[in-house]
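Reading the structure
Chain by chain, the residues run as shown.
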Amino acid sequence: MNPKSESVEASRGSEASSSSINSTPDIVEDQLTSGNIMKRAAAKQLIEKYFYQLLDGCGNVNCDNRYCASSGAARNLSPNEAAAEAIKLFYKEARLCSSVTPNKVSRTDSNSYEPSPSSTLGPNHKNTSENKENQNITTPEPSTASRGEPHTSHTAQQQKQKKRKRYNSKDYQNVVLDGAPLTEERIYKLCDECLQNRAEEPLSKALSKAFSRPSILARCFASKISENSNETSKDTEKESKESSRSCDPDKDIDSVAAPQLDVASCRRAFQYLAKVPTEYYSTDLVIALKSLGSYLTKDLKSEKLSIEDAVNCFVITFELPNLGCSDYFEIALPDVCLAIGELPIKGQARLARIWSQYCKDSLRNILETLQQLISLRVVSCNYHVFFHVQEDGHVTGPTRVLKVLYYASILAGVLDSNTLHEEPIVIAHQHDPLESVLGHLYPPSSMKGARNSQLNDPLAVELGVSVLDSRTPYLPFEDFYNEPLSDVIEMDKDCEDYEMVISRPNTRFSFLRHPFVLTVASKSLGLYYENRLRMYSESRAALLQAAVGAARPEPFLRLRVRRSHLIEDALVVLEMISMERALDLKKQLVVEFEGEQGVDEGGVSKEFFQLIVEEIFNPDYGMFTHQQDSRNVWFNPTSFETEAQFTLIGIVLGLAIYNNVILAVNFPMVVYRKLLGRKGSFEDLVDWNPILYNGLKDMLEYTGDDLEEVYYQTFRICYQDVFGTNMFHELKVNGDNIFVTQENKKEFVDLYADFLLNVSVETQFRAFRRGFLMVTDESPLGAFFRPEEVEMLVCGSKVFDFHELEKSTEYDGGYASDSKIVQDFWGIVHSLPLEDKRKLLQFTTGSDRVPVGGLCNLNFVIARNGPDCDRLPTAHTCFNVLLLPEYDTRDKLQDRLLKAINYSKGFGLH
């Protein structure tokens with residue numbers, strides 16, 4: 001190295017190793033005023049160890065480290081030379097003796113060094129000076145003693161030459177303490193002083209100083225690592241080296257790893273702080289937190305702050321008591337949430353892991369605080385066409401934090417031990433006639449690939465976890481729903497933003513990228529708009545194909561069927577379409593019943609799906625079996641139907657979701673988990689066959705040594721086919737001769753569940769899922785919904801609350817809510833049994849299922865259809881409109897209404 005570079009290294013070393021080499025207490029004052037007192041701590045600590053290793057050694061007489069003074073191989077160096085050499089060793093990752101302990105006193109010359117009383121000396125250390133003047137000036141630095149940093153010490157003559165203001169020992173200690181990191185002991189002391197002496201200024205000032213600067217807050221409540229633990233020391237040094245070297249060494253060393261945060265100590269300290277009346281410190285703390293949010297946002301954007309430091313700041317901030325008070329809501333918390341949004345994905349993942357491991361007790365409070373913040377903002381703000389909720393940082397910021405909390409709750413809960421996924425099904429690209437004509441302008445296949453590649457949440461990928469992994473989250477999924485927010489979001493606008501985020505990430509905010517905060521009804525509406533956009537796209541493509549002569553104009557998926565041959569006609573048409581051009585399955589469905597005049601505006605399709613489901617799931621058809629205990633339907637493993645038949649059933653289910661039609665199917669939850677890509681396991685038996693599940697669970701919980709005699713079960717199982725015939729299957733080779741014992745009972749249970757839910761129906765389910773994906777492969781279904789929500793999407797709500805329907809009903813043609821016939825109508829409806837209420841829904845809407853979100857979302861209309869007469873009520877099922885004549889008496893109304901709902905089937909034009 002040339003002399004110039006050596007001088008540069010020497011100057012860097014003199015700066016980085018410690019202020020002890022060229023600093024005075026008044027220089028520390030300058031650093032305090034510039035807010036840099038806590039910077040470079042971790043890198044300084046490593047460089048400092050190299051520094052003292054070169055000068056004093058490790059104390060081991062048998063040391064063989066050529067960079068250690070104790071080995072005798074290292075040359076004698078002055079402090080300045082040692083500082084420069086320490087920098088070089090730091091970047092070279094040179095060997096560092098584990099027993100090196102930095103002295104707590106700074107030095108500029110070898111003859112001016114003297115340890116302070118608080119120093120922890122190395123085993124081979126000797127005092128080298130008895131300068132009394134230095135002893136009088138040298139003052140321990142409380143803010144850095146806990147971090148192992150050297151203290152500032154200079155002679156009076158050097159201070160005089162530099163013409164700096166001198167502080168006496170007490171004044172200097174107070175200056176440093178103002179910017180010192182908070183510790184549990186310090187919080188106790190400040191709180192006691194505040195409560196006993198009514199002296200709130202020290203506490204308020206200490207909190208304000210710590211929470212106003214990320215560089216100070218990140219090092220609060222640092223965990224205490226035992227100096228006698230070599231393993232801990234080595235691991236800490238290695239982690240600090242790797243973290244600091246991950247950044248550019250020429251940059252300011254702010255991005256090095258912060259000391260490990262002691263969350264338990266932080267929580268205890270803040271619990272003690274809660275004893276102090278908040279008016280003593282809340283004003284200063286709120287201002288400091290607002291400043292903290294601004295600094296964190298700026299430093300994260302400019303990458304001046306390390307991820308570890310930023311995460312420590314956020315963890316400490318959300319442990320504060322009274323975080324849900326109004327001042328925190330309105331002033332401080334929104335800025336802190338916006339700062340978390342600036343964290344890179346790795347930082348968000350780190351925060352989620354810390355919350356899930358060390359902050360479980362705080363998750364509920366954080367969730368409620370964030371939900372209140374969002375709800376308060378949404379209710380109090382008036383959004384309009386020029387200011388949407390997606391543009392409100394006071395809402396989007398906390399929503400981003402909720403995502404981190406959402407995954408923390410998953411990690412902190414019960415995760416599924418089963419990590420087996422269904423084999424991926426690749427839907428072959430269907431040739432689009434338009435591609436041969438306008439392929440250079442219209443590349444649908446490439447657009448499809450771009451959409452599918454964006455469906456995975458980056459945070460979930462970084463954490464290696466998904467919603468399907470969660471059996472029981474620490475906080476219920478439903479607690480993350482925010483109804484006021486869901487009600488105010490314009491889903492058409494959010495769908496537009498969602499599409500924009502897919503094509504150009506980080507350009508807009510979309511709540512559909514944070515679906516956990518939306519109710520099922522809101523997400524269902526979002527999926528509806530997504531599907532409609534796809535339908536319109538296919539319709540436009542069809543018209544364009546016809547214009548250029550590539551295909552005949554057919555903007556709809558048209559099914560013409562006979563009621564008497566419904567299954568045969570529907571499956572034949574769908575099979576032909578799936579073989580010739582599967583893209584047509586993504587067009588809007590239009591159903592025509594042969595011989596009927598009804599025009600399908602939605603109502604005809606609803607009846608079509610209801611009728612076809614009734615026939616397909618009929619046990620006589622042989623494709624599905626009925627579980628007597630759970631009343632669920634399941635795939636018949638011994639069905640004589642071909643795979644193509646099950647594929648077509650999957651297409652029907654996909655079309656129902658795609659066209660926003662609710663079906664009367666009773667699949668167990670494991671079907672929806674499998675459709676989303678996760679294989680069934682033992683826990684899925686709970687609703688598939690509750691009796692079997694409880695029996696196997698009792699076996700797992702049985703601890704007696706006589707399990708083999710009690711259960712007398714081998715690895716050969718028995719089950720029945722659709723005709724009631726007993727079938728046998730060996731779970732392992734020669735399974736009939738292997739008895740279940742305490743050692744292998746878990747293996748038996750897992751193999752048993754795997755056979756029933758996966759192996760036995762593999763052929764049928766794979767074909768079924770393939771048909772389902774032929775319709776929904778480009779849909780964000782799996783990104784928006786959990787398996788439980790997909791079931792609600794398919795089957796609708798299970799709550800028949802007709803009082804909610806009455807409140808939401810609209811009236812037309814002269815009727816009003818206080819009209820006598822309307823009041824009679826609702827009186828009759830509320831007195832009907834549930835079966836007749838289902839028939840009323842079927843008559844008026846075309847389906848006897850409750851829509852997602854409840855009957856209040858039905859958009860039901862009662863319209864006057866003339867004066868009193870003998871005609872029966874009629875309905876426009878496509879628009880959920882009941883046409884009700886104004887009957888004279890209640891008895892006549894009840895008679896005509898019951899006849900209408902019991903004897904109606906088919907469609908006509910009116």
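Reading the values: the criteria
- Residues numbered from 1 in each chain as written.
- Predicted model: local features only at pLDDT ≥ 70, side-chain atom pairs only at ≥ 80, totals over all residues.
- Heavy atoms only, no water.
- UniProt positions renumbered as here; feature names shortened; annotations may be inferred.
- Helix = DSSP H or I, 4+ residues; strand = E, 2+ residues; numbered from the N terminus.
- Buried < 20%, exposed > 50% of the residue type's maximum accessible area, 1.4 Å probe, protein only.
- Contact = heavy atoms within 4.5 Å.
- Areas by Shrake-Rupley, 256 points an atom, 1.4 Å probe, with all protein chains shown as cover.
- Pairing = 2+ DSSP bridges.
- Axes fitted to C-alpha atoms, helices over the stretch in contact; angles between N-to-C directions.
- Left-handed = near helix turned anticlockwise from the far one by under 90°.
- Core = buried A, V, L, I, M, F, W, Y, C linked by side-chain atoms within 4.5 Å.
- pLDDT = per-residue confidence, 0-100.
- Right-handed = clockwise from strand over helix to strand, strands pointing away.
- Patch = residues over 30% accessible without salt bridge, like charges linked within 9 Å, V, L, I, M, F, W, Y side chains within 5 Å.
- Salt bridge = Lys/Arg side-chain N within 4 Å of Asp/Glu carboxyl O.
- Lys, Arg positive; Asp, Glu negative; His and termini not counted.
- Charge placed at Lys NZ, Arg CZ, Asp CG, Glu CD.
- Disulfide = S-S within 2.5 Å.
- Parallel < 35°, antiparallel > 145°, perpendicular 65-115°, else oblique.
- Nonpolar A, V, L, I, M, F, W, Y, C, P; charged D, E, K, R; others polar.
- Polar contact = N/O pair within 3.5 Å; in protein donor to acceptor, adjacent residues only side chain to side chain.
- Phe/Tyr/Trp six-rings, centres within 6.5 Å; stacked < 30°, edge-to-face > 60°.
- Lys NZ or Arg CZ within 6 Å of the ring centre and 35° of its normal.

Database annotation for the protein, UniProt heading Catalytic activity (unreviewed entry): "S-ubiquitinyl-[E2 ubiquitin-conjugating enzyme]-L-cysteine + [acceptor protein]-L-lysine = [E2 ubiquitin-conjugating enzyme]-L-cysteine + N(6)-ubiquitinyl-[acceptor protein]-L-lysine."

Observations concerning the overall build of the protein
Scanning the protein from terminus to terminus reveals 40 helices and 12 strands. Within the protein, buried positions represent 52% of all 910 residues. Pairs at least 24 residues apart make up 74% of the contacts formed inside the protein by residues separated by at least 6 positions. Total accessible area on the protein is roughly 42,200 Å²; 49% of this is exposed by carbon and sulfur atoms.

Examining the sheet that holds strand E12 (residues 881-884)
Read from one edge of the open sheet, 4 strands run E9-E10-E12-E11, paired in mixed fashion. Every interior strand has two partners, whereas the edge strands, strand E9 (810-812) and strand E11 (874-876), have only one. Each strand of the sheet is rotated relative to its neighbour by a mean of 25°, with strand direction disregarded. Across 3 bridges, E11 lies against E12 in antiparallel orientation. Among the inter-strand pairings, His-876 is bridged to a residue of E12, identified as Val-881. Sheet strands in contact with helix H39 (residues 834-845) are E11 and E12, and its direction is about 60° off that of E11.

Re the packing of helix H28 (residues 643-658) against helix H34 (residues 762-776)
The N-to-C vectors of H28 and H34 enclose an angle of 40°; their axes lie 6 Å apart at closest approach. Between H28 and H34 the crossing geometry is right-handed. Only Thr-763, Gln-764, Ala-767, Phe-768, Gly-771, Phe-772, Met-774, Val-775 and Thr-776 of H34 make contact with H28, whose side of the interface consists of Glu-643, Phe-646, Thr-647, Ile-649, Gly-650, Ile-651, Leu-653, Gly-654, Leu-655, Ile-657 and Tyr-658.

Here we look at unusual backbone geometry
Backbone geometry at Arg-198 places phi at a positive 55°, although glycine is not the residue there. Examined against the element boundaries, Arg-198 turns out to sit in the loop between helix H9 (184-197) and helix H10 (200-212).

Some remarks on the UniProt feature "active site" (unreviewed entry) in the protein
Here the UniProt feature "active site" (unreviewed entry) sits at Cys-878. You can see Cys-878 is positioned in the loop between E11 and E12. Of the residues examined, Cys-878 reaches a relative accessible area of 23% and is grouped as partly exposed.

Considerations on the nonpolar core
Phe-211, Phe-221, Phe-314, Phe-318, Trp-355, Phe-608 and Phe-748 are the most contacted members of the largest nonpolar core, which totals 180 residues. Ignoring anything within four residues of it in the chain, the contact list for Trp-355 reads Val-315, Phe-318, Lys-360, Leu-363, Ile-366, Val-401, Val-404, Leu-405 and Ala-408. Ranked by size, the runner-up nonpolar core spans 26 residues in total, among them Ile-821, Leu-840, Leu-858 and Leu-893.

Here's the deal with the confidence of the model for the protein
For the protein, mean pLDDT is 77; residues scoring 70 or higher make up 75% of the total. Per-residue pLDDT, averaged within each element of the protein, yields its smallest value for helix H5 (residues 132-137) (33) and its largest for helix H19 (residues 393-412) (95). Every residue in residues 226-259 scores below 50 in pLDDT, and together they form 58 contacts with partners more than four places removed in sequence or on other chains. Confidence drops under pLDDT 50 across residues 436-454; counting only partners more than four residues distant or on other chains, this segment forms 26 contacts.

Thoughts on the pairing of strand E3 (residues 556-561)
Where burial is concerned, the two faces of E3 differ: the one with Leu-557, Leu-559 and Val-561 is buried and the one with Phe-556, Arg-558 and Arg-560 is not. Two elements, E3 and strand E4 (residues 588-593), share 6 bridges in a ladder whose sense is parallel. What sits directly across from Val-561, in E4, is Phe-593. In this fold, E3 hands off to helix H26 (residues 566-580), which returns the chain to E4; that crossover is right-handed.

Details of a negative patch on the surface
A grouping of Asp-705, Asp-706, Glu-708, Glu-709 and Glu-743 is seen on the molecular surface, where their side chains present a negatively charged patch. Tracing the chain through its elements places Asp-705 in the loop between helix H31 (690-701) and helix H32 (707-711). Classification of Asp-705 by relative accessible area gives exposed; the value is 79%.

Points about the state of the cysteines
Per the counting criterion, the structure on display carries 0 disulfides. Its sulfur unpaired, Cys-359 is 8.1 Å from the next cysteine sulfur, which belongs to Cys-266. Using a relative accessible area of 0% as the deciding quantity, one classes Cys-359 as buried.

Considerations on the environment of Arg-198
Its relative accessible area of 60% is what places Arg-198 among the exposed residues. In sequence terms Arg-198 and Tyr-280 are 82 residues apart; their C-alpha atoms lie 9.1 Å from each other.

Brief notes about the packing of helix H14 (residues 282-302) against helix H15 (residues 307-317)
The contact between H14 and H15 brings their axes to 11 Å, and the two run at 155°. Of the possible angle classes, the one that applies to H14 and H15 is roughly antiparallel. Considering how the two elements wind past one another, H14 and H15 form a crossing that is left-handed. Residues Leu-289, Leu-292, Leu-296 and Leu-300 of H14 form the contact with H15, whose participating residues are Ala-310, Cys-313, Phe-314 and Thr-317. Here the contact of H14 with H15 is built from residues that sort into 7 nonpolar, 1 polar and no charged.

Digging into the pairing of E12
Burial of E12 is two-sided: the residues Val-881 and Leu-883 facing one way and the residues Leu-882 and Leu-884 facing the other way are all buried. As judged from the 4 bridges shared by strand E10 (residues 861-864) and E12, these two strands associate in the parallel manner. Bridge pairing links Ile-862 to Leu-882 in E12. Counting the residues in the hairpin turn of E11 and E12 gives 4 residues, including Asn-880, whose phi is positive at 60°.

Some remarks on the side chain of Asn-744
Summarising the element assignment, Asn-744 is placed in the loop between strand E8 (726-730) and helix H33 (745-759). Exposure remark for Asn-744: the relative accessible area of 14% places this residue in the buried category. A distance of 2.6 Å separates the side chain of Asn-744 from the backbone nitrogen of Thr-741, its partner in a polar contact. Dropping the residues within four chain positions of it, Asn-744 is found in contact with Phe-715, Ile-738 and Phe-739.

Looking at the environment of Thr-809
Checked against the element boundaries, Thr-809 lands in the loop between helix H37 (802-808) and E9. Taking the C-alpha atoms as reference points, Thr-809 and Phe-860, 51 residues apart in sequence, are found 5.1 Å from one another. In contact with Thr-809, other than residues within four places in its own chain, are Trp-826, Phe-860 and Ile-862. Within polar-contact distance, the side chain of Thr-809 engages the backbone oxygen of Leu-805 at 2.5 Å.

Some details on the environment of Thr-419
Secondary-structure assignment places Thr-419 in the loop between strand E1 (414-415) and helix H20 (433-438). Take Thr-419: its relative accessible area is 55%, and that puts it in the exposed class. On a C-alpha basis, the gap between Thr-419 and Gly-680 in space is 9.8 Å, while along the polypeptide they are 261 residues apart.

Considerations on the pattern of salt bridges
Enumeration according to the criterion identifies 37 salt bridges in this entry. For Glu-747, the salt bridge identified is with Lys-732, shortest N-O distance 3.4 Å. Of this pair, Glu-747 sits in helix H33 while Lys-732 is found in the loop between E8 and H33, placing the two residues 15 residues apart along the sequence. Here the residues in one salt-bridge network are Asp-868, Asp-870, Lys-892, Asp-895, Arg-896 and Lys-899, joined through shared partners.

Regarding the packing of aromatic side chains
Inspection of every chain in the model, using the stated rule, returns 37 aromatic pairs. Summarising the aromatic geometry, the rings of Phe-509 and Phe-511 are spaced 4.9 Å apart at their centres and angled 80° between planes, so their arrangement reads as edge-to-face. Here the two residues Phe-509 and Phe-511 agree in accessibility, since each one is buried. When the ring of Phe-635 is compared with that of Phe-768, the centres are 5.2 Å apart and the planes differ by 65°; the resulting orientation is edge-to-face. On the criterion of sequence distance, the pair formed by Phe-635 in strand E6 (residues 633-635) and Phe-768 in helix H34 is long-range, its members being 133 residues apart. Grouping residues by exposure puts Phe-635 and Phe-768 together as buried. Through pairs of rings, three or more aromatic residues link up here, namely Phe-617, Phe-624, Trp-634, Phe-635, Phe-646, Phe-667, Tyr-672, Trp-688, Phe-765 and Phe-768. The ring of Phe-593 is capped by Arg-563, whose NZ or CZ atom sits 4.1 Å from the centre of that ring. Directly above the ring of Phe-715 sits Lys-732, whose terminal nitrogen or CZ lies 5.2 Å from the centroid.

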